[in-house]
Amino acid sequence: MAENVIQSLSKDFVHCDICREPYNEPKMLPCLHSFCIQCLEQWARNTHARPLSCPTCRRTVDLPSTGVNGLPNIFFLVSLMERLEEAKQISKQDKYCNCNICRNKIGTMFCVDCKMHICQDCKGTHNQLTRSNDHPMIPSENLSDESYLQEVISTQTPYCKVHKEEKVYCYYTQCSQLACQKCATVVHQGHQSLQ
Amino acid sequence: MSSGLPRRIIKETQRLMTEPVSGISAVPDEQNARYFHVHIAGPKDSPFEGGNFKLELFLPEDYPMAAPKVRFVTKIYHPNIDKLGRICLDILKDKWSPALQIRTVLLSIQALLSAPNPDDPLANDVAEQWKMNESKAIETAREWTRVHAH
């Protein structure tokens, strides 16, 4: 079931209805339909004589003063696409490699966060470290199964774009940005957020 | 030849070939990938049933920001299609949206054959006839289909 949902997400929900390619910098209209920024800009230029309407539902759009650029970004689509792409990249590599810790034995597990192959002996070490004890591990034999990887990866909390080692913990509605604990104290003090 | 062809047009063409719409065929011209030879089968229970209508479809330079240009090549007796084969259909004009595609346009034209709209005519004489004496108009449309659309 989950597999089907993920498959249909990657097939049907990450493509722009205008160019029919995976979204490139998607922007969201007030009707909640989304398109690539470039596609929307082109459509806005083409309809200059008339008010801009949503290509999908035709609802009229009042563009912000900054134009298409001022429409909200869709962090959800972008991070979903990044993770589907990550699953694709991981599934392309060799299933069985030498352990990245001891370099001696063949790895039996793969850590999604460290991007490391880990053998049975070193698994304990990896799991004891506070930094890595909550990392998702995948059995090496499943590494070529793209839909399995998509399922695992798309349910993980993403990492912060600025502080790469920190996981995201809230979403700032005002600035439509995901932030980790560090960003929250430094950049977003006092902003409205959702956990 | 097709090096300058946008990926969206290539994708649409491929899908038209691999998953054709029932009763509709659209084949790109060998010389010009933006020009399509289209055939639409007259819909069941319409005066055009049994007919095979030839159309031409052209994707302008700014497609999909601008609508495709579509015209009936086969003569047809229909209140929204004129002598030159031009079609009165809102999505081909001011209701065009870049989320529409070749297949949705052709489906709309197929639907227009099933539901002529004499209140928004392009061929005035045909629309007049359609409103004044519908059964005679339908008979004429059947006759034209028999004579021209095969």
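Keep in mind that what you see is a predicted model, and the values were worked out from it rather than measured. (Residues numbered from 1 in each chain as written. Chains lettered and ligands numbered in written order. Predicted model: local features only at pLDDT ≥ 70, side-chain atom pairs only at ≥ 80, totals over all residues. Heavy atoms only, no water.)

Points about the UniProt feature "active site" (unreviewed entry) in chain B
All names here are of chain B. With numbering aligned to this structure, UniProt lists the feature "active site" (unreviewed entry) at Cys88. Classification of Cys88 as buried rests on a relative accessible area of 13%. Residues in contact with Cys88, not counting those within four places in the same chain, are Asn80, Lys93, Leu112, Asp120 and Leu122. (UniProt positions renumbered as here; feature names shortened; annotations may be inferred. Buried < 20%, exposed > 50% of the residue type's maximum accessible area, 1.4 Å probe, protein only. Contact = heavy atoms within 4.5 Å.)

A closer look at the interface of chain B and chain A
By convention, interface size is frequently given as the accessible area that disappears when the constituent parts associate. In this complex, chain B contributes 15 residues to the contact, which on the side of chain A involves 13 residues. Between chain B and chain A, the buried area comes to about 1200 Å², and carbon and sulfur atoms account for 50% of it. Counting the contacts that link chain B with chain A gives two salt bridges. We note a salt bridge from Arg7(B) to Glu21(A), for which the minimum N-O separation is 2.8 Å. Our count for the contact surface shared by chain B and chain A stands at seven residue pairs in polar contact (both at pLDDT 80 or more). Of the residues assigned to the side of chain B that touches chain A, the class counts are seven nonpolar, two polar and six charged. (Buried area = accessible area lost by both parts, 1.4 Å probe. Salt bridge = Lys/Arg side-chain N within 4 Å of Asp/Glu carboxyl O. Polar contact = N/O pair within 3.5 Å; in protein donor to acceptor, adjacent residues only side chain to side chain. Nonpolar A, V, L, I, M, F, W, Y, C, P; charged D, E, K, R; others polar.)

Brief notes about the pattern of salt bridges
Residues and elements named next belong to chain B. Tallying each qualifying case throughout the model produces 14 salt bridges over all chains. In this structure, Arg15 and Glu19 form a salt bridge, with 3.4 Å as the shortest nitrogen-oxygen distance. Residues joined in a network through salt bridges with shared partners are Glu139, Arg142, Glu143 and Arg146.

Quick notes on unusual backbone geometry
Cis geometry is adopted by the peptide bond preceding Pro64(B), which originates at Tyr63(B) and carries an omega value of 10 degrees. For Pro64(B), the location among the structural elements is in the loop between strand E3 (52-58) and strand E4 (69-72). One non-glycine residue, Arg58(A), lies in positive phi territory at about 70 degrees. (Helix = DSSP H or I, 4+ residues; strand = E, 2+ residues; numbered from the N terminus.)

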